[in-house]
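Listed below, chain by chain, are the residues.
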Amino acid sequence: MSANPPAAVIVLAAGEGTRMKSKTPKVLHEICGRSLVGHVVSAARELGPEHLCVVVGHAREQVAAHLEEHYAGTRTAVQYEQNGTGHAVRMALEELGQVDGTVVVVCGDTPLLSGLTLGALAATHAADGNAVTVLTAEVPDATGYGRIVRDPATGAVTAIVEHKDATEEQRAVREINSGVFAFDGRLLADALGKVRTDNSQGEEYLTDVLGILREAGHRVGASVAGDHREILGINNRVQLSEARALLNRRLLERAMADGVTVVDPASVQVDVTVTFERDAVVHPGTQLLGATHVAEDAEVGPNTRLKDTKVGRGARVDNTVADSAEIGEGASVGPYAYLRPGTRLGVKSKIGTYVETKNATIGEGTKVPHLSYVGDATIGEFTNIGAASVFVNYDGEKKHHTTIGSHCKTGSDNMFVAPVTVGDGAYTAAGSVITKDVPAGALAVARGQQRNIEGWVARKRPGSAAAQAAATAAEEPGGEG
């Protein structure tokens, strides 16, 4: 929370965003696990404002529902007609009523803007006693942006000049307007009533408030963002991807600074909600999404996608897809495993190659090494599940549960037809279809007896390569001829 929290933060999110060319409202497009407007609201909340209001317009029901679901307590104001940024702020103030103190106005499509930068803007505004404080940035190339013109003596902002209107001297200025402001609440409300619409768009521009207050003798100042990339707005899919890359890199750098090894940051993607412990290792080609947590000394990747998954200390997850799973301390998963929701892996358990699990609790030290499906099941400790085993959990209408005890050894190519229980210490023979409960310590054999029909190939496939091979074998010493 900011040392001097603002009275209100207003987020402008009413625009349609036609350049996105999408049925999804622009501010609801996501980067790194959070919507554009969600990033802005999260940054604004870091200031601890008394009021937080998002102005909605285009697809307002959809945007408002998103805010209610993910950012409960955020107020909304409706801009029924898109009549400019000044009009949008006026709608917010009508919703909030009289606001005494600092009002921060920010755009809903600036996902890289940090709470730290907004806090610095509010602090500068209060310390300098400004009527308006503009968040600015110095950029390598200011082409197309509004330039900040300052009083050389006082540093106060005297004008914001659009590129097309700037002189050659002004075009050499690299400090630009971000469209983010801090206002004195009472002065803002009064000035908005004086904003005119005699411009080419017939709209109420928020930037006109700066001139109105300056002409009234009030001071307009500026706060310079530490990183110019923070003020980037999103207008199309290219800019969306660029912002995603910047934010992803920021998140990975933060993780690395905290002691995480990211082998190839260029090939790793993370959400803002992902957490790590020190000495975790992330290998190339890995996506970590949602509420995923990677504990100390765990290794994930390469080519792994984890969503809402907890990876225990020292676990190893290789070439795996997991969703809403828990991987125990020292467990081994993959390569080419699929952990579906409800999977709970115990300490030092193993899920091997081409194994799929769903709604399954697998005990400490238990192994499902390869080519198996474990669904709706509980498996005890130190049990080994043979290759090519299937937990047959669905009867066409309902799912049923299978329980296998501790210290069991099940054969390869087993079918466990649920509901069924295999007791502690029991064995099952390879190729068995287990349809009845197996007592503890028993051996279950559920397969037909093998019968060999001599000479079948010669009679049924005469002249075939198989028949010739069999005949040759019969003629050899020790053969069956």
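An unreviewed UniProt entry annotates the protein chain as Bifunctional protein GlmU of Streptomyces roseolilacinus. As its UniProt record puts it under Subunit (unreviewed entry), the protein chain is described as follows: "Homotrimer." The record held by UniProt for the protein chain lists under Subcellular location (unreviewed entry) the comment "Cytoplasm".

This next bit is on the UniProt feature "binding site: Mg(2+)" (unreviewed entry) in the protein chain. Per the UniProt annotation, the sites labelled "binding site: Mg(2+)" (unreviewed entry) are D109 and N235. In summary, the annotated positions, though distributed over 127 residues, converge in three dimensions, the widest C-alpha pair being only 7.9 Å. Topologically, D109 is positioned in the loop between β6 (102-107) and α4 (115-128). Side chain to side chain, D109 and K26 meet in a polar contact 2.8 Å long. If you trace the backbone, N235 turns up in the loop between β11 (220-224) and α8 (237-257). When its relative accessible area of 23% is taken as the criterion, N235 is described as partly exposed. The contact partners of N235, leaving out residues within four places of it in the chain, are R19, M20, K26 and D109.

The buried fraction of helix α1 (residues 36-45) is high, at nine of ten residues. Considered for burial, the residues of α1 that qualify are L36, V37, G38, H39, V40, V41, S42, A43 and A44.

Axis angle and axis distance: for two packed helices, these are the angle between their axes and the distance between the axes, and together they describe the pair. Where helix α6 (residues 185-192) contacts helix α7 (residues 208-215), the axes come no closer than 10 Å and their chain directions differ by 105 degrees. The angle between the axes of α6 and α7 places the two elements in the roughly perpendicular class. Contact residues: α6 offers L187, L188, A191 and L192, while α7 offers V209, I212 and L213. Partitioned by chemical class, the residues of the contact of α6 with α7 number seven nonpolar, no polar and no charged.

Moving on, we come to the packing of aromatic side chains. Tallying each qualifying case throughout the model produces three aromatic pairs. Geometrically, the ring pair formed by F181 and F183 is tilted, given 5.6 Å between the ring centres and 40 degrees between the ring planes. Looking at F181, the relative accessible area reads 2%, which means it is buried. Classification of F183 as buried rests on a relative accessible area of 0%.

A separate point is the pattern of salt bridges. For the coordinates displayed, the defined rule picks out 15 salt bridges. For the salt bridge of E296 with R278, the shortest nitrogen-to-oxygen distance reads 3.8 Å. Pair noted here: E296 is in the loop between β17 (293-294) and β18 (299-300) and R278 is in the loop between β14 (275-276) and β15 (281-282), with a separation of 18 residues, a long-range link. For R278, a relative accessible area of 55% translates into the label exposed. Linking E299 and R316 is a salt bridge whose minimum nitrogen-to-oxygen distance equals 3.8 Å. In this pair, E299 sits in strand β18 while R316 sits in strand β21 (residues 316-317), placing the two residues 17 residues apart along the sequence. With a relative accessible area of 27%, R316 lands in the partly exposed category. A single salt-bridge network, built from bridges that share partners, covers R90, E94 and E204.

Attention now moves to the side chain of T366. Considering the arrangement of structural elements, one finds T366 in the loop between β27 (350-362) and β28 (367-379). Here T366 falls in the buried class, since its relative accessible area comes to 0%. One polar contact links the side chain of T366 to the main-chain carbonyl oxygen of G380, over a distance of 2.5 Å. The contacts of T366, once residues within four sequence positions are left out, are S349, K350, I379, G380, E381, F382 and T383.

With that settled, consider the UniProt feature "binding site: acetyl-CoA" (unreviewed entry) in the protein chain. If you check UniProt for "binding site: acetyl-CoA" (unreviewed entry), the listed places come out as A387, N393, Y394, S412, A430 and R447 in our numbering. By secondary structure assignment, the location of A387 is in the loop between β29 (384-385) and β30 (390-392). Sequence-distant contacts of A387, that is, excluding residues within four places in its chain, are made with H370, L371, S372, S412 and D413. Looking at the secondary structure, you find A430 in the loop between β35 (427-428) and β36 (433-434). Setting aside its immediate chain neighbours within four residues, A430 contacts G411, S412, N414 and R447.

Time to look at the packing of helix α3 (residues 85-96) against α6. Contact geometry of α3 with α6 gives a least axis separation of 10 Å together with a crossing angle of 125 degrees. In terms of axis orientation, α3 runs oblique to α6. As α3 runs across α6, the sense of the crossing is left-handed. Contacts from G86, V89, R90 and L93 of α3 reach α6 at L188, A189 and L192. A per-class count over the contact of α3 with α6 returns five nonpolar, one polar and one charged.

Turning our attention to the pairing of strand β4 (residues 51-56). The buried fraction of β4 amounts to six of the six residues, a majority that puts the element mostly inside the structure. Burial along β4 is two-sided: the residues H51, C53 and V55 and L52, V54 and V56 are all buried. Note that β4 and strand β5 (residues 75-78) share four bridges and pair parallel. Paired with V56 across the two strands is V78, which belongs to β5. For the handedness criterion, the β-α-β arrangement of β4, helix α2 (residues 60-70) and β5 is classed as right-handed.

A complete count under the given rule lists zero disulfides for this structure. Left unpaired, C53 is separated from the closest cysteine sulfur, that of C107, by 15 Å.

Conventions we followed
Residues numbered from 1 in each chain as written. Predicted model: local features only at pLDDT ≥ 70, side-chain atom pairs only at ≥ 80, totals over all residues. Heavy atoms only, no water. UniProt positions renumbered as here; feature names shortened; annotations may be inferred. Helix = DSSP H or I, 4+ residues; strand = E, 2+ residues; numbered from the N terminus. Polar contact = N/O pair within 3.5 Å; in protein donor to acceptor, adjacent residues only side chain to side chain. Buried < 20%, exposed > 50% of the residue type's maximum accessible area, 1.4 Å probe, protein only. Contact = heavy atoms within 4.5 Å. Axes fitted to C-alpha atoms, helices over the stretch in contact; angles between N-to-C directions. Parallel < 35°, antiparallel > 145°, perpendicular 65-115°, else oblique. Nonpolar A, V, L, I, M, F, W, Y, C, P; charged D, E, K, R; others polar. Phe/Tyr/Trp six-rings, centres within 6.5 Å; stacked < 30°, edge-to-face > 60°. Salt bridge = Lys/Arg side-chain N within 4 Å of Asp/Glu carboxyl O. Left-handed = near helix turned anticlockwise from the far one by under 90°. Pairing = 2+ DSSP bridges. Right-handed = clockwise from strand over helix to strand, strands pointing away. Disulfide = S-S within 2.5 Å.

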